[in-house]
Amino acid sequence: IIQEVIYFQILLLATPFVVASNAATSFFSGLGRTWTIMWVNFATITVNLVLDYFFIFGYAGFPEMGIGGAAIASVISMVFSSIAFLYLFWRSPDHARFQTRDFRPARDLFRRLLKYGVPNGRQFVQAVFAFTLFIFLVGKMGVLELAATNITFNINTLSFMPMVGMSIAVSTLVGQRLGENNPALARRTTYSTFQLAFLYFGTLSCFYVLLPELFIWPFSLKADPAEFAPLSEMVTIMLKFVAVFGLFDSGNVIFSGAIK
């Protein structure tokens, strides 16, 4: 718990930079310039990984800071991300077209942001709260169950995160098609994205069921085989449930993205 508190307290320093990055990311998503987002995020992850290597383990003359070093690396990477995004947001071509350096408040726009943003934010908060409560309840069952659940959730990011990307894509494309007064193409875009997401997760689900050890293997490194065996067995069972509910979740994520 002490380690979690240390990590969380340091990570809170990145909050304003996360907000700035998310705002700029939404700007580029709306324009359909997702390659810009991808490259900035790729550079951010690279910075985070390099700093993790130095700060956590104390290489290249840096002190060994453990979990605190991981948090510091995350904060610095988020500062880097916000600076990169804001630089691209404020540069001359976009400023000339969208007046991106105009800081004057706009009440009407702010009310629209609240109208569409608050329900979306509530949904996200409720989802995070539900997962947090679930982890808390599982932790009451035992350390083995908690570890198996965390490993399963980590493996599930292989399917969930790409679907989040598809959700953002379908939100962008549907918004653009409706802006062009072309609802038929917006509908077609939604179903095409759902088919792609269903195919992706369906394929991944087969691997979850048929080759679970392929996903569990990285977590078994440096672990005692006898102690890890019951944990591996439990994760194998959980992945079968993930394989089933994920098929429905793909529809949930894509269609909610289209509605947003």
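Being a predicted model, the structure only gives us computed values, none of them experimental.

Basis of the calculations
Residues numbered from 1 in each chain as written. Predicted model: local features only at pLDDT ≥ 70, side-chain atom pairs only at ≥ 80, totals over all residues. Heavy atoms only, no water. Phe/Tyr/Trp six-rings, centres within 6.5 Å; stacked < 30°, edge-to-face > 60°. Buried < 20%, exposed > 50% of the residue type's maximum accessible area, 1.4 Å probe, protein only. Helix = DSSP H or I, 4+ residues; strand = E, 2+ residues; numbered from the N terminus. Arc of directions from axis to C-beta. Axes fitted to C-alpha atoms, helices over the stretch in contact; angles between N-to-C directions. Parallel < 35°, antiparallel > 145°, perpendicular 65-115°, else oblique. Left-handed = near helix turned anticlockwise from the far one by under 90°. Contact = heavy atoms within 4.5 Å. Core = buried A, V, L, I, M, F, W, Y, C linked by side-chain atoms within 4.5 Å.

Enquirer: Explain the packing of aromatic side chains to me, please; I cannot follow it from the model alone.
Expert: Centre-to-centre distance and the angle between the planes together describe a pair of aromatic rings. Per the stated rule, a full pass over the model turns up 18 aromatic pairs. Between the aromatic rings of F57 and Y59, the centroid separation amounts to 6.0 Å while the plane-to-plane angle is 40°, which identifies the pairing as tilted. A connected cluster of aromatic rings, assembled from ring pairs, spans Y53, F54, F55, F57, Y59 and F62.

Enquirer: Is there a simple way to think about helix α9 (residues 212-220) in this case?
Expert: Think of an α-helix as 3.6 residues a turn; residues three or four steps apart then line up on the same face. Taken together, the buried positions of α9 are P212, F215 and I216. Buried positions in α9, seen along its axis, are confined to an arc of 90° and lie on one side of it. Pointing more than 90 degrees away from the buried face of α9 are the exposed residues L214 and W217.

Enquirer: Sorry, what's going on with the packing of helix α8 (residues 183-210) against helix α10 (residues 225-259) here?
Expert: Where α8 meets α10, the closest approach of the two axes is 9 Å, and the angle between their N-to-C directions is 165°. Our classification of the angle between α8 and α10 gives roughly antiparallel. The crossing of α8 and α10 is right-handed. For the pair formed by α8 and α10, the contact residues are T190, Y191, T193, F194, A197, F198, F201, G202, S205, Y208 and V209 on the first element and L239, V242, A243, G246, L247, S250, G251, I254, F255 and A258 on the second.

Enquirer: What is the right way to read the nonpolar core from this model?
Expert: Nonpolar side chains tend toward joint burial in soluble globular proteins. In terms of nonpolar packing, the biggest core is built from 19 residues, with I151, I155, Y208, I216, V235 and L239 touching the most fellow members. Counting residues per element, the ones that place at least two in this core are α7 (143-179), α8, α9 and α10. Among the elements that take part in this core, α10 stands out by supplying 8 residues, more than any other. Those residues within four positions of Y208 in sequence are excluded, and the remaining contacts are I155, N156, L158, S159, F201, F215, L239, V242 and A243. Counting residues in hydrophobic clusters, the runner-up holds 9 residues, among them A24, F27, I37 and V40.

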